[in-house]
Amino acid sequence: SQQGEEDPQALSIQEGENATMNCSYKTSINNLQWYRQNSGRGLVHLILIRSNEREKHSGRLRVTLDTSKKSSSLLITASRAADTASYFCATAVGGTASKLTFGTGTRLQVTL
Amino acid sequence: NAGVTQTPKFRVLKTGQSMTLLCAQDMNHEYMYWYRQDPGMGLRLIHYSVGEGTTAKGEVPDGYNVSRLKKQNFLLGLESAAPSQTSVYFCASSPRFGAGGIQETQYFGPGTRLLVL
């Protein structure tokens, strides 16, 4: 079963615009991570936010976490064509700490 | 460092054939994982290993077996391939967890595309 659900499933924007994608999950978590997957490639870790954190930044990425709503958002500012990829959230749950559970992903298309 | 590598990159099997997918990592990571990725379903965990000589079942283990004889290698076997096993398979690794035993970053290989006819 999927712990995370991303929204929207697909997003198309123009270069320079901001992209926001959301992740909702079902159970309490220890941390939430975002990964990027370029077409035909493996996943690459972007950022991790712990359950006691509310916001985190890394370059053009901003992640927020609302544990009361069991949701997270990933904001990519000033998008570039190279940001075109699928983005997945993944959650780590206490008690089953050896595993991550991935969502279904958001496909982002950034056009020139 | 090569990171996580997977062999082969692409394979076509007939129903009933067997094969082994090889995953290797050179980061001295304790934990290794096998996932499958199907359209619209994200990644689903097949099996994983928390150390040399140990394996455990994930979310979708049926039809697969694994072995971790060496710390750097994690093998995924299909004894009798079925069309439902057509998928893209990803291997990942992660270092030993810190205090509290919480899973953090996983490092992924480039994937193996498997087509079962």
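Up top is the structure.
Let us look at the structure shown here. The shown structure was predicted, so the numbers you read here are calculated from the model rather than taken from an experiment.

Its volume calculated, the largest pocket comes out at about 620 Å³. Around the largest pocket sit 27 residues that line it, and Gln37(A), Ser86(A), Phe88(A), Arg107(A) and Gln37(B) are the ones nearest its centre. Secondary-structure elements contributing two or more residues to the lining of the largest pocket are strand S9 (85-92) and strand S11 (106-111) of chain A together with strand S9 (87-94) of chain B. Tallying contributions element by element places S11(A) first for the lining of the largest pocket, with four residues.

So, on to the state of the cysteines. All names here are of chain A. All chains considered together, the criterion is met by two disulfides over all chains. Note that Cys23 is cross-linked by a disulfide to Cys89, the S-S spacing being 2.0 Å. With the S-S bond torsion at 65 degrees, the cross-link from Cys23 to Cys89 turns out right-handed. Of this pair, Cys23 sits in strand S3 (residues 19-25) while Cys89 sits in strand S9; the two residues are 66 residues apart in sequence, bridging distant segments of the chain. In terms of burial, Cys23 and Cys89 fall into one category: buried.

So, about the sheet that holds strand S6 (residues 55-58) of chain A. As a general point, the strands of a sheet are linked pairwise by backbone hydrogen bonds and lie either parallel or antiparallel. All names here are of chain A. The five strands lie next to each other as S1-S3-S8-S7-S6, forming an open sheet whose pairing is antiparallel. Each having just a single partner strand, strand S1 (4-7) and S6 make up the two edges of the open sheet. Here the strands of the sheet are splayed against their neighbours by 15 degrees on average, with no regard to which way each runs. Bridging between strand S7 (residues 61-66) and strand S8 (residues 71-76) involves six bridges; their strand directions are antiparallel. Across the sheet, the residue bridging to Leu65 is Ser72, located in S8.

Cut-offs applied
- Residues numbered from 1 in each chain as written.
- Chains lettered and ligands numbered in written order.
- Predicted model: local features only at pLDDT ≥ 70, side-chain atom pairs only at ≥ 80, totals over all residues.
- Heavy atoms only, no water.
- 1 Å grid on protein atoms, 1.4 Å probe; cavity = no way out; pocket = protein on both sides within 12 Å on 5 of 7 lines; lining within 4 Å.
- Points joined across faces, edges and corners; volume = space filled by probe spheres on them.
- Helix = DSSP H or I, 4+ residues; strand = E, 2+ residues; numbered from the N terminus.
- Disulfide = S-S within 2.5 Å.
- Buried < 20%, exposed > 50% of the residue type's maximum accessible area, 1.4 Å probe, protein only.
- Pairing = 2+ DSSP bridges.
- Axes fitted to C-alpha atoms, helices over the stretch in contact; angles between N-to-C directions.

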